[in-house]
Amino acid sequence: MGEQQHPGEDAIVLVTRPAAWGLPTACPSCLPSYAYLKLARVAFNVHYDFCQPDSDDIPFIEFGDMVAFSSEHGGIRGFLKSQQIVDLDADFSESEIAEMQAYESLITSYLENTLLYELWVNENQLALNQIYYSALPWPVNKILRWKQQRRVTQRLGIGLNNRQEKAAELYRRAAEAYQALSVMLGNEKFFMKTRPSSLDALFLGHAAFVLKAPLEDSPLREELLKHANLVSYAESLESELLKSSSSSYIPIPACTPSRSSASTSSGTSHASARTQREKQKEPKERSEKERAFRRRAKYFLGAQVAAIIACLIFAGATYVDVVLEDDVDED
């Protein structure tokens with residue numbers, strides 16, 4: 001999809017969770033944003049965040065003195081459009097955009113909810129640890145995993161007596177979504193035939209994760225594999241756009257929004273991004289949400305330190321108790 005080159009200092013910074021399994025980020029919510037920028041051929045740098053495993057604000061992007069969180073209204077796509085950086089859907093008609101939005105809703109509801117079930121309710125510990133908790137000490141990783149698992153079960157409406165019923169409903173809807181997407185794609189390269197769209201970015205991020213992540217006993221993957229055209233589509237674009245080895249990726253901790261000079265890079269040059277950067281004459285004050293994000297990162301790091309100290313104290317106390325018991329036995 002065009003020759004790639006390293007972006008310059010004016011490029012966007014995309015903050016994601018770390019890479020794994022040959023993907024540029026192992027985070028299923030980060031991959032669509034990465035794919036969107038790649039499909040749009042926008043120059044961007046990548047920073048990896050190791051310190052916010054339970055944050056809904058990741059991924060987010062920095063551009064100049066501005067920060068756009070994925071959890072905000074419009075998200076990253078809305079920010080890129082509002083700043084006239086890029087809009088993959090700009091040339092589609094209103095009816096085409098309405099059609100894409102209908103199919104996107106299948107992904108963001110049916111497929112994403114089923115993936116949440118497989119990750120958190122089925123407890124795919126290996127995948128979860130690699131995505132979110134690999135850099136965290138015990139017991140912080142255990143506490144945060146339990147907290148997030150509780151949030152997911154509440155979101156999906158799963159209780160002690162309805163787990164099997166909910167699972168059957170989720171997988172039935174996922175099968176319907178894959179079938180509809182397979183029919184729409186047909187034998188085309190993109191869902192909208194000749195050129196990529198936001199729908200392609202969203203589904204590519206989802207499918208690449210489902211196919212590559214080490215999920216144990218994954219009916220969702222089995223359902224996706226039933227549709228050869230979706231698998232071929234995802235594998236082709238993943239090889240072209242999402243191979244982490246295709247660029248020089250070096251994990252860079254980014255616990256707070258920053259414009260570090262050390263970063264990983266991907267994408268191609270984009271004139272409108274440079275033009276927008278030149279328009280920024282005065283630095284803009286960071287929003288309250290950005291300041292809260294910074295404070296939260298500091299508190300989180302402090303909690304990790306406290307957890308490590310507590311573990312050392314506990315281990316020391318246990319050792320002393322054992323020694324005293326041995327002394328008593330000898331007497």
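Residues numbered from 1 in each chain as written. Predicted model: local features only at pLDDT ≥ 70, side-chain atom pairs only at ≥ 80, totals over all residues. Heavy atoms only, no water.

Novice: Could you clarify how one ought to interpret the pattern of salt bridges in this entry?
Specialist: Pairing between side chains of opposite charge can happen when the charged atoms of each approach one another. Enumeration over the complete set of coordinates arrives at six salt bridges. Ionic pairing is found between E176 and R172, a salt bridge with its closest N-O pair at 3.2 Å. Residue E176 and its partner R172 are both found in helix α6 (residues 163-185); the two are separated by four residues, about one turn of the helix. What makes E176 partly exposed here is its relative accessible area of 41%. K212 is paired through a salt bridge with E238; the nearest N and O atoms lie 3.9 Å apart. Of this pair, K212 sits in helix α7 (residues 198-212) while E238 sits in helix α9 (residues 228-241), placing them 26 residues apart in sequence. Classification of K212 as partly exposed rests on a relative accessible area of 29%. (Salt bridge = Lys/Arg side-chain N within 4 Å of Asp/Glu carboxyl O. Helix = DSSP H or I, 4+ residues; strand = E, 2+ residues; numbered from the N terminus. Buried < 20%, exposed > 50% of the residue type's maximum accessible area, 1.4 Å probe, protein only.)

Novice: Even after reading the chapter, I still don't get empty space enclosed by the protein, so can you show me in this structure?
Specialist: Gaps left between atoms are located by rolling a probe of water-molecule size over the structure's atoms. Applying the stated criterion to the full structure yields one cavity of 30 Å³ or more. Roughly 80 Å³ of internal volume is contained in the largest cavity. Partitioned by chemical class, the residues of the lining of the largest cavity number seven nonpolar, three polar and two charged. (1 Å grid on protein atoms, 1.4 Å probe; cavity = no way out; pocket = protein on both sides within 12 Å on 5 of 7 lines; lining within 4 Å. Points joined across faces, edges and corners; volume = space filled by probe spheres on them. Nonpolar A, V, L, I, M, F, W, Y, C, P; charged D, E, K, R; others polar.)

Novice: When you look at the pairing of strand β2 (residues 44-48) in this model, what are you seeing that I'm missing?
Specialist: Note on strand geometry: in a regular strand, side chains alternate between the two faces of the sheet. Burial runs high along β2: five of the five residues are buried. Covered by surrounding structure in β2 are F44, V46 and Y48 together with N45 and H47, the residues of both alternating faces. As paired elements, strand β1 (residues 12-16) and β2 share five bridges and run parallel to each other. Among the inter-strand pairings, I12 is bridged to a residue of β2, identified as F44. Note on the crossover from β1 through helix α1 (residues 31-39) to β2: the handedness is right-handed. (Pairing = 2+ DSSP bridges. Right-handed = clockwise from strand over helix to strand, strands pointing away.)

Novice: Explain the environment of R77 to me, please; I cannot follow it from the model alone.
Specialist: Mapped onto the secondary structure, R77 falls in helix α2 (residues 75-82). Assessed through its relative accessible area of 35%, R77 is described here as partly exposed. Each C-alpha atom, one on R77 and one on S198, is 8.5 Å from the other, the two residues being 121 residues apart in sequence. Setting aside chain neighbours within four positions, we find R77 in contact with Y36, D89, E104 and S198. (Contact = heavy atoms within 4.5 Å.)

Novice: I keep staring at helix α3 (residues 94-121) and nothing clicks. Help me out?
Specialist: In an α-helix, one turn spans 3.6 residues, which is why side chains three or four residues apart end up on the same side. For α3, spanning 28 residues, the distance from its first C-alpha to its last is 39 Å, which sits close to the expected 40 Å at 1.5 Å a residue. Just beyond α3, the residue with positive phi is E123, at close to 55 degrees. (Expected span 1.5 Å × (residues − 1).)

Novice: Would you take a moment to explain α7 for this structure?
Specialist: Here α7 contains 15 residues, and its C-alpha end-to-end distance of 21 Å stays within 8% of the 21 Å for a straight helix at 1.5 Å per residue. Counting buried residues along α7, 13 of its 15 residues qualify, which places the element largely inside the surrounding structure.

Novice: Would you mind going over the packing of helix α4 (residues 125-133) against helix α5 (residues 140-156) with me for this structure?
Specialist: Any two packed helices are characterised by how steeply their axes cross, that is the angle between the axes, and by the distance between the axes. Viewed as axis vectors pointing N to C, α4 and α5 meet at an angle of 110 degrees, and their least axial separation amounts to 12 Å. One finds that α4 runs roughly perpendicular with respect to α5. Along the contact surface, α4 presents Q125, L128, N129 and Y133, while α5 presents N141, L144, R145 and Q148. Its residues assigned to classes, the contact of α4 with α5 comprises three nonpolar, four polar and one charged. (Axes fitted to C-alpha atoms, helices over the stretch in contact; angles between N-to-C directions. Parallel < 35°, antiparallel > 145°, perpendicular 65-115°, else oblique.)

Novice: Looking at this model, I keep getting lost on the nonpolar core. Mind explaining?
Specialist: One recurring pattern in soluble globular proteins: nonpolar side chains tend to sit buried together. Counting residues in hydrophobic clusters, the biggest one holds 90 residues, and the most contacted among them are W21, L80, L111, L181, F191 and F203. The element that contributes the greatest number of residues to this core is α3, accounting for eleven residues. Excluding residues within four positions of it along the chain, L111 makes contact with L106, A174, A177, Y178, L181, F203, H206 and L220. (Core = buried A, V, L, I, M, F, W, Y, C linked by side-chain atoms within 4.5 Å.)

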